[in-house]
There are 2 protein chains.
Amino acid sequence: MNSRDTLAQRIHRGEVRALARGLSMVENGDPGAGELLHTLFSAIPDHVTIGVTGPPGAGKSTLLDRMITRFRSQERRVGVIAVDPSSPFTGGALLGDRLRMQSHAVDPGVFIRSMGNRGHLGGISGATRDAGLILAAAGYDPVLVETVGVGQAEVEVAEIADVTALVLVPGTGDEVQAMKAGIMEIADLIVLNKADRPGMDQLEAAVAASLELAPEDRPRPPVVRVSAESGEGLEALWTSLDLLLSSTDPELRRLENTRRILRGILGESGARFGEMLLRSEYGSENELLELISGGSVTPYEAGLRLVRVAERMLEEDENQQD
Amino acid sequence: MNSRDTLAQRIHRGEVRALARGLSMVENGDPGAGELLHTLFSAIPDHVTIGVTGPPGAGKSTLLDRMITRFRSQERRVGVIAVDPSSPFTGGALLGDRLRMQSHAVDPGVFIRSMGNRGHLGGISGATRDAGLILAAAGYDPVLVETVGVGQAEVEVAEIADVTALVLVPGTGDEVQAMKAGIMEIADLIVLNKADRPGMDQLEAAVAASLELAPEDRPRPPVVRVSAESGEGLEALWTSLDLLLSSTDPELRRLENTRRILRGILGESGARFGEMLLRSEYGSENELLELISGGSVTPYEAGLRLVRVAERMLEEDENQQD
């Protein structure tokens with residue numbers, strides 16, 4: 001416990017090596033990570049988490065670079081998590097590396113980390129959630145979370161952010177992209193990047209058309225045209241972003257964040273419970289599979305039995321407490 | 001139990017009303033669904049599940065229509081599940097409806113059902129898994145599962161299928177689409193549709209380039225050019241599909257399917273156990289949230305406590321059995 005407290009204290013003081021160690025614990029699913037996060041949790045300062053997502057080639061890393069510069073000009077320390085779902089196809093954290101090579105690599109007020117999902121029970125979204133909290137505990141605010149692509153990981157990770165910006169560019173088929181339900185639903189703010197390129201009007205019209213399909217009671221995300229490269233339109237983007245961040249009551253946002261964190265953690269505990277029950281009733285997954293292949297058990301029967309065992313145990317436990 | 005057996009028997013006989021009722025039980029998370037599936041499970045005939053996914057506008061419904069005609073010509077009964085992740089944007093099962101209006105609407109050998117995720121604990125992938133088994137129990141083979149878009153639901157649902165076909169079209173930015181890791185990873189077969197459109201060569205080159213990035217030990221998915229509209233290239237597509245379906249040992253496929261089904265069900269049982277533990281230890285999620293907001297508990301501490309309680313209960317239970 002003592003060495004954990006020390007690690008937590010060092011993270012709270014913003015020590016970069018302690019921070020890196022904490023993040024590795026999270027990424028690797030180290031059993032001590034839960035204890036560390038518990039210790040850090042009560043003293044995490046208020047902070048915002050901003051998600052930046054969009055298809056490859058949309059200029060996300062240039063935009064992130066601009067965003068970092070902007071928050072640094074306000075004397076804020078900026079944490080960046082570049083999410084890499086450890087895909088055999090992507091084969092590494094391209095964006096984190098690209099960012100590191102840019103202007104902020106030597107700025108001690110910027111901490112950039114690529115996150116994979118090597119062992120975290122909650123997958124990449126669980127790992128990102130815990131990593132964001134560790135960065136916040138170390139005093140980074142905002143925490144920027146960048147995801148590449150528009151797959152499962154992106155949607156899950158977007159749920160962690162207070163505000164998620166979707167970056168689109170003309171001329172790469174984003175007209176169709178924009179129609180995709182999942183990705184439009186996660187966007188609180190839509191950034192049309194590379195304003196100098198042809199096709200910007202069509203892209204904006206396609207985005208507007210697909211937003212028309214949104215339910216009435218959902219706030220329409222603002223749409224901002226920028227050129228991250230030249231800097232054009234960035235002031236309007238920062239205004240939109242600030243407005244979104246200040247439009248929710250901080251108390252309410254904190255509660256919503258806590259609920260999300262809790263649900264994630266309960267889900268991870270649930271996965272653990274399933275494994276524990278399985279071991280206790282059937283020994284192992286393979287032993288149960290053999291029973292199923294032999295025809296003496298069905299998977300549904302096994303599931304029902306585990307639930308019944310859990311019910312009985314809880315009942316007996318309650319009787320004992322009385 | 002008796003009425004369940006009767007419903008199961010009626011489903012096995014292929015009665016459409018019983019089938020519809022079973023599917024609704026699955027979709028709504030009816031507590032009797034597990035019992036029904038257990039009863040059906042041992043007598044589910046061998047069958048294949050084919051996933052069809054791709055961005056909107058790729059011509060999936062026309063292709064599905066062709067696929068149904070093809071399997072019908074082999075005197076096979078075809079079940080179709082059109083997955084609708086209950087998005088507020090899509091607002092209903094567009095594709096299922098579109099299919100229903102087409103040529104197979106009055107063919108009793110074709111059963112088409114849109115599936116949402118109203119109450120199933122395993123989400124849309126759990127609901128689709130159970131629905132597919134019910135269709136198979138009623139004698140439908142193949143079961144075709146269609147998903148729209150490329151979000152989280154699509155990736156999860158693809159894991160249920162024996163073979164998943166990714167449908168792409170030129171001229172809609174699929175060059176970029178093709179580069180996306182998640183979607184390429186789920187494809188066993190890539191269908192380039194609308195062969196008459198310009199841009200087909202670029203699309204094929206982009207697909208080939210992104211497949212180059214795949215790990216060596218992963219089988220390369222075959223790429224087939226078709227025009228679902230005119231019928232061009234369909235024979236080659238069926239050949240590829242048949243080859244993929246026959247290339248795995250049926251015994252092995254059955255085992256893999258059972259393992260997937262089991263893992264899904266164990267996850268759902270674990271989640272249920274988690275809810276029970278939460279209720280027993282903290283009353284409800286809201287009560288726990290209040291404790292967390294008040295600063296007396298952290299979410300991580302709550303998660304660790306539930307795991308410890310489960311461990312203790314399982315230990316006591318084992319001691320009692322001795």
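Chains are numbered independently. Their residues run from 1 in the order of the written sequence. Think of it this way: whatever chain is written first is A, whatever ligand is written first is 1, and the rest follow in order. Per-residue local features are limited, in this predicted model, to residues with pLDDT of at least 70; the limit for side-chain atom pairs, both in listing and counting, is 80 or more; totals at the level of whole chains, interfaces and linings are taken over all residues.

Trainee: I'd like a rundown of the overall build of chain A, residues and numbers included.
Mentor: Within chain A one finds 14 helices and 7 strands. Split into buried and exposed, the 322 residues of chain A put 49% on the buried side. In chain A, the proportion of contacts linking residues at least 24 apart, taken out of those at least 6 apart, comes to 76%. Helix and strand definitions follow DSSP, with helices as H or I runs of at least four residues and strands as E runs of at least two, each counted in order from the N terminus. Each residue is classified by how many other C-beta atoms fall within 10 Å of its C-beta atom, where C-beta atoms are placed from the backbone; a count of 20 or more means buried, 12 or fewer means exposed, and values in between mean partly exposed. Throughout, a pair of residues is in contact if the C-beta atoms placed from their backbones lie within 7 Å.

Trainee: Describe unusual backbone geometry, with residues and values.
Mentor: Residue P142 of chain A is bonded to the preceding D141 of chain A through a cis peptide linkage, with omega at 10 degrees. Looking at the secondary structure, you find P142 of chain A in the loop between α6 (123-137) and β4 (143-147). In the Ramachandran plot, K194 of chain A falls in the positive-phi region, its phi being about 65 degrees despite a non-glycine side chain. Summarising the element assignment, K194 of chain A is placed in the loop between β6 (189-192) and α10 (200-212). Positive phi outside glycine occurs at E75 of chain B, with the angle close to 65 degrees. For E75 of chain B, a count of 7 C-beta atoms within 10 Å corresponds to the exposed category.

Trainee: Kindly report on the packing of helix α3 (residues 33-41) of chain A against α6 of chain A, identifying the contributing residues and their values.
Mentor: All names here are of chain A. With their axes 10 Å apart at the nearest point, α3 and α6 run at an angle of 40 degrees to one another. Considered as vectors, α3 and α6 are oriented oblique to each other. Handedness of the α3/α6 crossing: left-handed. Residues A33, L37 and L40 of α3 touch α6, and the partners they reach there are D130, L133, I134 and A137. In this classification, the charged set is Asp, Glu, Lys and Arg, the nonpolar set is Ala, Val, Leu, Ile, Met, Phe, Trp, Tyr, Cys and Pro, and all remaining amino acids, among them Gly, are polar. Across the contact of α3 with α6, the residue classes tally to 6 nonpolar, no polar and 1 charged. Helix axes are fitted only over the stretch in contact, all axes being lines through C-alpha atoms; the angle between N-to-C directions runs from 0 to 180 degrees. These descriptions rest on fixed angle ranges, namely under 35 degrees for roughly parallel, over 145 for roughly antiparallel, 65 to 115 for roughly perpendicular, and the rest for oblique. Take the far helix as the reference: if the near one is turned anticlockwise from it by less than a right angle, the crossing is left-handed, and if turned clockwise, right-handed.

Trainee: Help me get a handle on the sheet that holds β6 of chain A, residues and values and all.
Mentor: Residue and element names in this part refer to chain A. At least two DSSP bridges between two strands are needed for those strands to be called paired. Taken together, the 7 strands give an open sheet; going across it, the order is β3-β2-β4-β1-β5-β6-β7, and neighbouring strands pair in parallel fashion. Strands with a single pairing partner mark the edges of an open sheet, and in this sheet they are β3 (110-115) and β7 (223-225). Neighbour to neighbour, the strand axes of the sheet diverge by 20 degrees on average, direction disregarded. Relative to β7, β6 runs parallel, the two being bridged by 3 bridges. Paired with V191 across the two strands is V224, which belongs to β7. The strands that α6 touches are β1 (49-53), β2 (78-83), β3 and β4; relative to β2, the one it contacts most, it runs at about 165 degrees. Sitting on the sheet, helix α11 (residues 234-247) touches β5 (163-168), β6 and β7, and the angle it makes with β6 is about 170 degrees.

Trainee: Got a sec to walk through the sheet that holds strand β3 (residues 110-115) of chain B? Specific residues and values, please.
Mentor: All names here are of chain B. Read across the sheet, 7 strands follow the order β3-β2-β4-β1-β5-β6-β7 without closing on themselves; strand pairing throughout is parallel. Here the strands that pair on one side only, and so sit at the sheet edges, are β3 and β7 (223-225). The sheet shows a mean angle of 20 degrees between the axes of neighbouring strands, direction not considered.

Trainee: Outline the confidence of the model for chain A, supporting the account with residue identities and numerical values.
Mentor: Reading predicted coordinates in detail is not appropriate for stretches of low pLDDT. As a per-residue measure, pLDDT tells how confident the predictor is, with possible values from 0 to 100. Of all residues in chain A, 81% attain a pLDDT of 70 or more, and the chain-wide mean is 83. In the model, residues 86-97 of chain A has pLDDT below 50 throughout and makes 27 contacts with residues more than four positions away in sequence or in other chains.

Trainee: How would you summarise the pairing of strand β5 (residues 163-168) of chain B if you had to cite specific residues and measurements?
Mentor: All names here are of chain B. Counted residue by residue, β5 has 6 buried out of 6 residues, so it is predominantly covered. Across the two faces of β5 the burial is the same, with V163, A165 and V167 and T164, L166 and L168 all buried. Of the pairings in the sheet, the one linking strand β1 (residues 49-53) to β5 comprises 4 bridges and is parallel in character. Residue pairing in the sheet places T53 in a bridge with L166 of β5. Looking at chain direction, β5 and strand β6 (residues 189-192) are connected through 4 bridges and run parallel. Along β6, the bridge assignment pairs A165 with L189.

Trainee: Account for the nonpolar core, with residues named and values stated.
Mentor: A set of buried Ala, Val, Leu, Ile, Met, Phe, Trp, Tyr and Cys residues, joined to one another through C-beta atoms within 7 Å, is what we call a nonpolar core. Of all hydrophobic cores here, the largest spans 165 residues; its most connected members are I134 and V191 of chain A together with I134 and V191 of chain B. Among residues more than four places away in sequence, those in contact with V191 of chain A are L63, A165, L166, V167, V224, V226 and L237 of chain A.

Trainee: Now, about the packing of helix α12 (residues 250-282) of chain A against helix α14 (residues 299-321) of chain B: what can you tell me, with residues and values included?
Mentor: When two helices pack together, you describe them by how their axes are tilted relative to each other and by the distance separating the axes. Interhelical geometry of α12 of chain A versus α14 of chain B gives an angle of 15 degrees and a closest axis separation of 9 Å. Viewed along their axes, α12 of chain A and α14 of chain B adopt a mutual orientation that is roughly parallel. The handedness of the crossing between α12 of chain A and α14 of chain B is right-handed. Along the contact surface, α12 of chain A presents T258, I261, L262, I265, L266, E268, S269, R272, F273, M276 and S280 of chain A, while α14 of chain B presents P299, Y300, G303, L306, V307, A310, L314 and E318 of chain B.

Trainee: Describe α3 of chain A, with residues and values.
Mentor: In terms of burial, α3 of chain A is largely enclosed, as 7 of its 9 residues are buried. The complete set of buried residues in α3 of chain A reads A33, G34, L36, L37, T39, L40 and F41 of chain A.

Trainee: Lay out the pairing of strand β2 (residues 78-83) of chain B in plain terms, naming residues and giving numbers.
Mentor: Residues and elements named next belong to chain B. In terms of residue burial, β2 counts as a mostly covered element, since 6 of its 6 residues are buried. Side chains of β2 alternate between two faces, with V78, V80 and A82 and G79, I81 and V83 buried alike. In this sheet, β3 lies alongside β2 in parallel orientation, the contact comprising 6 bridges. When the bridges of β3 are listed, V80 appears paired with I112. With 5 bridges joining them, β2 and strand β4 (residues 143-147) adopt parallel strand pairing. Note that in β4 the partner of I81 across the bridge is V145.

Trainee: Report on the environment of L203 of chain A, specifying residues and quantitative values.
Mentor: Residue and element names in this part refer to chain A. On the secondary structure map, L203 appears in helix α10. Under the C-beta neighbour-count criterion, L203 is labelled buried, with 25 such atoms within 10 Å. For the pair L203 and P170, spaced 33 residues apart in sequence, the C-alpha separation works out to 5.8 Å.

Trainee: Hey, could you go over the environment of D30 of chain A for me, with residue numbers and the actual values?
Mentor: Counting through the fold element by element, D30 of chain A comes out in the loop between α2 (16-27) and α3. C-alpha separation for the pair D30 of chain A and L121 of chain A, spaced 91 residues apart in sequence, amounts to 9.9 Å.

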